[in-house]
There are 2 protein chains.
Amino acid sequence: MTRYKVILQYVGTRYAGWQIQKDQPTVQGQLRDALHKLTGEVVTVIGAGRTDSGVHAMEQVGHFTLSQETALEKLCRGLNGVLPWDIRVMQLDPAQPKFHAQKDALKKRYEYRIYNGPVLPPFLYGYVHHMTHPLNVQAMQEAAESLCQSHDFSGFAAASTKVKNPTRTVFLSRIQERGYHITYQVEGDGFLHHMVRNIVGTLLEIAVEKRPPTDILKILDSKDRRMAGPTAPAHGLYLMRVWY
Amino acid sequence: MTRYKVILQYVGTRYAGWQIQKDQPTVQGQLRDALHKLTGEVVTVIGAGRTDSGVHAMEQVGHFTLSQETALEKLCRGLNGVLPWDIRVMQLDPAQPKFHAQKDALKKRYEYRIYNGPVLPPFLYGYVHHMTHPLNVQAMQEAAESLCQSHDFSGFAAASTKVKNPTRTVFLSRIQERGYHITYQVEGDGFLHHMVRNIVGTLLEIAVEKRPPTDILKILDSKDRRMAGPTAPAHGLYLMRVWY
């Protein structure tokens, strides 16, 4: 039995998210099929985080176990040979037998990319969320910073979320602006379902001055999903990195 | 009668090039359809250069004439409203009645984008030419520089090219390297059909040390297309800018 750690990059557009679903193309499903084709084994790749439908990953981490040992280089090339173009194995390493991509993750970084120019350059289509309304970046920044601590994040979780402990620690929460590109970066020890996209939906309401930056703390205090803004579209979101 | 100058950006992937063709989607055809839908007039947009099938444009320039005057802002928004996502009007301006996007062009810049890493990041798929073989960038640079002057470029033109004067002046011809990204930039007063892609095909043979950098001058002297390397794939090529 050999355990492998895999670093994946994928364009989420064509997939119903990470997790295997019946009759829908998923990233995990494509990996299972590719591994089956190459090794004959039926293997599930466990991911660090279950990205939603349409969400991209610059660096998703997964683990899997094969009963037969295979040369790393050959397995890596083989996977990229059979996987579709929009899912790539960027790195493949042997891992400790107990390495667990999800449970061992200490920190994750997500990034949400917004394009705030009048016309969306076609090369960015599907890769950024296009907003033509002028955005108050200063207010976004202020609001973003107020998220940076340990909180009960229920107010920003999907209404259906049921977790024992909804407290998460956010280490970094900031806005970066370069020309028309506005990026929200967030690092935390974990994220509730839809948490980043609900934060961004709220930041965007703050950015168009529909509500004040201080609403962030009110939403956190309320623990009530109905207080936050709408869920921002999936195609602006990227899982950027996972730390172990 | 009002003449307009339009700056376009497009992803060439889905199109059989710029120029209208029967039964094939083209950029010029999409523009004609969009203008017809908006104004009721049947108008051909003349482009600065006819990009080939699959070639991209960061800044293609075109001109067209409408018999009815229309508010600029409204026309620009209207065009982006009816054009497909992969063709965008980035700028629209009134032009002198005699402005001609092709004949008045003084200089054009093309860029050819190569990715020389082991695994192609999926976000670059269709937007760069992927080469896994290690490239000798020094040799490419040397060869690229030797193109920088006035020449008879018949050796690099498509075999079918029939022009009265195959002499073109290249003002800039250089390689830039940033990590795995290798870019060839070329500026000239005009380009023969397939000229940039044939130059790149030859530079890539030099880069894999299949032939020496000095072959560039030999090919120019020969004026024989059969001396040059293969035509590099279309999806790495971008029309970057046109000067008037």
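Bear in mind that the values here come from a model prediction, so they are computed numbers and not experimental data.

A.B. asks: Looking at this model, I keep getting lost on the overall build of chain A. Mind explaining?
C.D. replies: When helices and strands are tallied, chain A shows five helices and ten strands. Taken over C-alpha atoms, the radius of gyration comes to 19 Å for chain A, in line with the 18 Å a tight globule of 244 residues would show. For chain A, the spread of C-alpha atoms along the three principal axes comes to 55 × 45 × 30 Å. With 244 residues in all, chain A has 55% of them scored as buried. For chain A, long-range pairs separated by at least 24 residues make up 70% of all intrachain contacts whose partners lie at least 6 apart in sequence. Of the roughly 11,500 Å² of accessible surface on chain A, 49% is carried by carbon and sulfur atoms.

A.B. asks: I keep staring at unusual backbone geometry and nothing clicks. Help me out?
C.D. replies: Working note: non-glycine residues mostly have negative phi, and peptide bonds are mostly trans. Positive phi is not limited to glycine here, since Glu-209 of chain A has a value of about 60 degrees. Looking at the element boundaries, Glu-209 of chain A is found in the loop between α4 (195-207) and α5 (215-222). The exposure class of Glu-209 of chain A is exposed, given its relative accessible area of 58%. For His-194 of chain B, which is not glycine, the phi dihedral falls at a positive 70 degrees. Checked against the element boundaries, His-194 of chain B lands in the loop between β9 (181-188) and α4 (195-207).

A.B. asks: I tried to follow the domain arrangement of chain A on my own but got confused; where do I start?
C.D. replies: Many authors give the size of an interface as the accessible area that is lost as the parts come together. All names here are of chain A. Each assigned domain of chain A is listed here: domain 1 (2-94) and domain 2 (107-243). Here domain 1 and domain 2 have C-alpha centroids that lie 27 Å from each other. In this complex, domain 1 contributes 14 residues to the contact, which on the side of domain 2 involves 15 residues. Interface area for domain 1 against domain 2, summed over the two sides, is near 1,200 Å², with a carbon-plus-sulfur share of 58%. Looking only at domain 1, the three residues that lose the most surface to domain 2 are His-56, Met-58 and Glu-59, adding up to 43% of its buried area. The tally of links between domain 1 and domain 2 comes to one salt bridge. In this structure, the salt-bridge partner of Arg-197 is Asp-52, at a minimum N-O distance of 3.4 Å. Viewed at the interface, domain 2 and domain 1 are joined by ten residue pairs in polar contact (both at pLDDT 80 or more).

A.B. asks: How should the pattern of salt bridges be read in this particular structure?
C.D. replies: Side-chain pairs of opposite charge can arise whenever the charged atoms involved come near each other. Residues and elements named next belong to chain A. Using the criterion set out here, one finds 22 salt bridges over all chains in the structure. Here Arg-77 and Glu-73 are joined by a salt bridge, their closest N and O atoms 3.1 Å apart. Residue Arg-77 and its partner Glu-73 are located together in helix α2 (residues 72-82), separated by four residues, close to a single helical turn. Among the residues examined, Glu-73 registers a relative accessible area of 52% and is labelled exposed. Overlapping salt bridges bring together Glu-205, Lys-210, Arg-211 and Asp-215 as one network.

A.B. asks: Got a minute to help me understand the interface of chain B and chain A in this structure?
C.D. replies: Contacts between chain B and chain A engage 20 residues on the former and 20 residues on the latter. Both sides together, the interface formed by chain B and chain A hides about 1,600 Å², and carbon and sulfur atoms give 81% of it. At the surface where chain B touches chain A, the tally comes to zero salt bridges. Mapped onto the side of chain B that touches chain A, the elements with two or more residues apiece are β1 (2-10), β3 (56-66) and β4 (87-94) of chain B.

A.B. asks: In this structure, what is going on with the relation of the copies chain B and chain A? I would like to understand it.
C.D. replies: To go from the first copy of the chain to the second, apply a rotation about an axis and then a shift along the same axis. Take chain B, turn it by 180 degrees, move it 0.0 Å along the axis, and it overlays chain A with an RMSD of 0.0 Å. The superposition operator between the copies reduces to a two-fold rotation axis. Relative to the rotation axis, the closest C-alpha in chain B is found at Phe-123 of chain B, a distance of 5.1 Å. Looking at the interface residues of chain B, 100% of them are also at the interface in chain A, so both copies use one shared face.

A.B. asks: Mind showing me how you'd approach the packing of helix α1 (residues 27-39) of chain A against α2 of chain A here?
C.D. replies: Between two packed helices, both the angle of their axes relative to each other and the distance between the axes serve to describe the pair. Residue and element names in this part refer to chain A. Remark: α1 packs on α2, axes separated minimally by 9 Å, with the N-to-C direction vectors making an angle of 120 degrees. Judged by the inter-axis angle, α1 sits oblique to α2. The two elements α1 and α2 meet at a crossing, and its hand is right-handed. Contacts between α1 and α2 pair Ala-34, Leu-35, Lys-37, Leu-38 and Thr-39 from the former with Leu-75, Gly-78, Leu-79 and Val-82 from the latter.

A.B. asks: Can you walk me through the environment of His-133 of chain B in this structure?
C.D. replies: With respect to the helices and strands, His-133 of chain B occurs in the loop between β6 (129-130) and α3 (137-145). Each C-alpha atom of the pair His-133 of chain B and Gly-17 of chain B lies 29 Å from the other, and the pair is 116 residues apart in sequence.

The rules behind the values
- Residues numbered from 1 in each chain as written.
- Chains lettered and ligands numbered in written order.
- Predicted model: local features only at pLDDT ≥ 70, side-chain atom pairs only at ≥ 80, totals over all residues.
- Heavy atoms only, no water.
- Helix = DSSP H or I, 4+ residues; strand = E, 2+ residues; numbered from the N terminus.
- Rg over C-alpha atoms; globule rule 2.2 N^0.38 Å.
- Buried < 20%, exposed > 50% of the residue type's maximum accessible area, 1.4 Å probe, protein only.
- Contact = heavy atoms within 4.5 Å.
- Areas by Shrake-Rupley, 256 points an atom, 1.4 Å probe, with all protein chains shown as cover.
- Domains from an automatic or database assignment.
- Buried area = accessible area lost by both parts, 1.4 Å probe.
- Salt bridge = Lys/Arg side-chain N within 4 Å of Asp/Glu carboxyl O.
- Polar contact = N/O pair within 3.5 Å; in protein donor to acceptor, adjacent residues only side chain to side chain.
- Least-squares fit on C-alpha atoms with pLDDT ≥ 70 in both.
- Axes fitted to C-alpha atoms, helices over the stretch in contact; angles between N-to-C directions.
- Parallel < 35°, antiparallel > 145°, perpendicular 65-115°, else oblique.
- Left-handed = near helix turned anticlockwise from the far one by under 90°.

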